[in-house]
Amino acid sequence: MALSLITGAAQASTIVEVSGVIQGRAFTSQLNLDVVGNQALSGTGTFTGYGLTNADLVLITTSTSYNETIPGPVGFRGNDGTDFGGLDQAYPILTNGLLFDVGTTTASFGAFPLFAVYSNGNGTYGAASTGNVGGTGYYAQLSSSEVSVSVGTVSLPASAPMFGAALMALGVVGYGMKRNAKAHA
């Protein structure tokens, strides 16, 4: 399944549904990405799998504290001591992929399991996870088959800020006219 390009938008909120099987364990995830200029600047969502149900997740970015830049540009440590690296923030996902800290809304190095979704390079996708959940370790688990990825985009057109400025200008003009009318009454 191909991910769609975002064109003609200053900013887009992109919903990515990911589901599949990692080492015999089914998972689903909904990712909410804030994308500008083909870069996911931030992201949140939920993950269900490995005994977790709708667990919060947060995108690891180059500006995340303790981001591991080698082999970077994005890398992080899971709560089982495993380092996932070589990911990035590029969207659509054409090569490396996106990395998330699972079970939190604020990334914390080495404190939570990790989840990644990446391109296999042939128009298909894979996923990986690592971490300890409820006392069970899931070390560097890779998807054993193609992962399903579906995308929806809600764009903020580049003209939206101009529209907002025009509304503000109309409000200022209206206030001035009202004030002027009171002065002449």
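So, how was this worked out
- Residues numbered from 1 in each chain as written.
- Predicted model: local features only at pLDDT ≥ 70, side-chain atom pairs only at ≥ 80, totals over all residues.
- Heavy atoms only, no water.
- Helix = DSSP H or I, 4+ residues; strand = E, 2+ residues; numbered from the N terminus.
- Buried < 20%, exposed > 50% of the residue type's maximum accessible area, 1.4 Å probe, protein only.
- Contact = heavy atoms within 4.5 Å.
- Pairing = 2+ DSSP bridges.
- pLDDT = per-residue confidence, 0-100.
- Core = buried A, V, L, I, M, F, W, Y, C linked by side-chain atoms within 4.5 Å.
- Salt bridge = Lys/Arg side-chain N within 4 Å of Asp/Glu carboxyl O.

(A) Spotlight on the overall build of the protein chain. Across its full length, the protein chain holds one helix and 11 strands. Starting at the N terminus and walking to the C terminus, you meet the elements of the protein chain as β-β-β-β-β-β-β-β-β-β-β-α. Every one of the 185 residues in the protein chain was classed for burial, and the buried ones make up 37%. Across the protein chain, the fraction of contacts at a sequence separation of at least 24, relative to all contacts at a separation of at least 6, is 48%.

(B) Structural context of the pairing of strand β4 (residues 52-59). Across five bridges, strand β3 (residues 39-49) lies against β4 in antiparallel orientation. Residue pairing for β4: T44 is matched across the bridge by V58. Connecting β3 to the antiparallel partner β4 that follows it, the hairpin turn spans two residues, and Y50 within it adopts a positive phi of roughly 55°.

(C) Structural detail: the confidence of the model for the protein chain. The predicted model of the protein chain averages 82 in pLDDT, with 76% of residues at 70 or higher. This model gives residues 1-9 a pLDDT under 50, and the stretch forms 25 contacts once residues within four places in sequence are excluded.

(D) Inspection of the nonpolar core at higher detail. The biggest cluster of nonpolar side chains holds 26 residues, and the ones touching the most others in it are V18, F27, L31, L33, L98, F100 and F115. Excluding residues within four positions of it along the chain, L98 makes contact with L33, A40, L59, L87, D88, Q89, A90, Y91, I93, F115, A116 and V117. Judged by nonpolar contacts, the second largest core, of 10 residues, contains V74, F76, F84 and A116.

(E) Inspection of the pattern of salt bridges at higher detail. In the structure shown here, the tally under the stated rule is one salt bridge. Where R77 meets D83, a salt bridge forms, and the shortest distance between an N and an O atom there is 2.7 Å. The partly exposed category is assigned to R77, whose relative accessible area is 29%. On the basis of relative accessibility, which here comes to 37%, the residue D83 falls in the partly exposed class.

(F) Quick look at the environment of S65. Within the secondary structure, S65 is located in the loop between β4 and β5 (74-77). Its relative accessible area of 53% is what places S65 among the exposed residues.

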